[in-house]
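# Geometric and topological summary
Below, each chain spelled out in residue letters.
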Amino acid sequence: MPRFAANLSMMYPEHGFLDRFAAAARDGFRAVEFLFPYDFPAATIAKALKDNGLQQVLFNAPPGDFAGGERGIASLAGREEEARSGFARALDYAAALGCPRVHVMAGLARAGADRAAMRRLYVAHLAWAAERAAGAGVDVLIEPINTRDIPGYFLNRQDEAHAVVAEIGAPNLKVQMDLYHCQIVEGDVAMKLRAYLFDVIDSLAYDGWIGCEYRPAAATSAGLGWLRRAGLAAPG
């Protein structure tokens, strides 16, 4: 059976962020992910993980001015120093949280942008980040994101992402497959994964974490029938 990680940026909105760790653990989750940890000291989050027996499996490197609409800076000219210092900060958090993966957001391509130049900068930054992360035992992830939810996002397709990874050739640079984004942009997600079903995922021998990144319709715990039916929720 697949292993599921609760996305605490979206799930359990009925709780304050630091209280979401305990809520996830009570429901039987053993791992969590979230967008960004930087509003809290790393030691505070590490304690929440330890106190609740949770593993941190993923978070994002600093994305620039997220509140102002930025969605990453790795492909943006003039932001190189900020991108590097932000990634170094992410590695510090990864070490403190025992997190083996950091996602680097590409950024937005404005109308009329030179996409070839953006790609060159993106590749150069990812190559640098992968080399820096390798020494820390951390994987760098990139994720194609649909332009319906994030208009203008630079990286949209799985094949584009895999081409970047192949070009760089770093063993710790990997593509995050978000089934939601893949279905919107490319469709036919079943053929890309071979199926969107738990038992078939098992047959693929995938032993990583599957992030539960969705916004609950109501209280998160009450909506975990799917987890209980899979036999993975904590006993009630």
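The structure contained in this document is the topic of the report that follows. (Residues numbered from 1 in each chain as written. Predicted model: local features only at pLDDT ≥ 70, side-chain atom pairs only at ≥ 80, totals over all residues. Heavy atoms only, no water.)

### Quick notes on the side chain of Arg20
As for its placement among the helices and strands, Arg20 is situated in helix H1 (residues 20–26). Of note is the side chain of Arg20, whose polar atom sits 2.5 Å from the backbone oxygen of Leu8. Contact partners of Arg20, with chain neighbours within four places excluded, come to Leu8, Ser9, Met11, Tyr12, Pro13 and His15. (Helix = DSSP H or I, 4+ residues; strand = E, 2+ residues; numbered from the N terminus. Polar contact = N/O pair within 3.5 Å; in protein donor to acceptor, adjacent residues only side chain to side chain. Contact = heavy atoms within 4.5 Å.)

### Quick look at the pattern of salt bridges
This model, assessed by the stated rule, comprises six salt bridges. A salt bridge links Asp51 to Lys47; the nearest nitrogen and oxygen atoms lie 2.6 Å apart. Here Asp51 and its partner Lys47 are both found in helix H2 (residues 42–51), four residues apart, which amounts to about one turn of the helix. Close ionic contact of Lys174 with Asp139 constitutes a salt bridge, the shortest N to O distance being 3.0 Å. (Salt bridge = Lys/Arg side-chain N within 4 Å of Asp/Glu carboxyl O.)

### What to know about unusual backbone geometry
Positive phi outside glycine occurs at Tyr12, with the angle close to 60°. Positionally, Tyr12 belongs in the loop between strand E1 (3–7) and H1.

### Considerations on empty space enclosed by the protein
For the structure shown, the criterion picks out one cavity of 30 Å³ or more. Considered as a void within the structure, the largest cavity measures approximately 90 Å³ in volume. Forming the walls of the largest cavity are Ala61, Pro62, Pro63, Gly72, Ile73, Ala74, Ala83, Gly86, Phe87, Val104, Met105 and His125. Looking at the lining of the largest cavity residue by residue, the class counts come to nine nonpolar, three polar and no charged. (1 Å grid on protein atoms, 1.4 Å probe; cavity = no way out; pocket = protein on both sides within 12 Å on 5 of 7 lines; lining within 4 Å. Points joined across faces, edges and corners; volume = space filled by probe spheres on them. Nonpolar A, V, L, I, M, F, W, Y, C, P; charged D, E, K, R; others polar.)

### Comments concerning the side chain of Asn60
The topology assignment puts Asn60 in strand E3 (residues 55–60). With residues near it in sequence (within four places) discarded, Asn60 still touches Phe34, Leu35, Phe36, Pro37, Tyr38, Val102, His103 and Met105.

### Brief notes about the nonpolar core
For soluble globular proteins, nonpolar side chains are generally found buried alongside one another. With 64 residues, the main nonpolar core has Phe21, Phe29, Phe59, Phe87 and Ile142 as its most contacted residues. Taken together, the elements giving at least two residues each to this core come down to E1, H1, H2, helix H3 (80–97), helix H4 (115–134), strand E5 (139–142), helix H5 (158–168) and strand E6 (173–175). By residue number, the principal contributor to this core is H4, which donates eight residues. When residues no more than four places from it in sequence are discounted, the contact partners of Phe29 are Phe4, Ala5, Ala6, Met11, Tyr12, Ala24, Leu54, Cys212, Leu224 and Leu227. Ala5, Ala31, Val57 and Leu58 belong to the second-largest nonpolar core, a separate cluster that totals six residues. (Core = buried A, V, L, I, M, F, W, Y, C linked by side-chain atoms within 4.5 Å. Buried < 20%, exposed > 50% of the residue type's maximum accessible area, 1.4 Å probe, protein only.)

### Points about H4
Compared with an ideal rise of 1.5 Å per residue, which puts 20 residues at 28 Å, H4 spans 28 Å between its outermost C-alpha atoms and is within 8% of the ideal. All buried positions along H4 are accounted for by Met118, Leu121, Tyr122, Val123, His125, Leu126, Trp128, Ala129, Ala130 and Ala133. Looking at the packing, one finds that the buried side of H4 touches H3, E5, H5 and E6. The distance from a side-chain oxygen at the start of H4 to the backbone nitrogen of Ala116 is 3.2 Å, and the residue carrying that oxygen is Asp114. (Expected span 1.5 Å × (residues − 1).)

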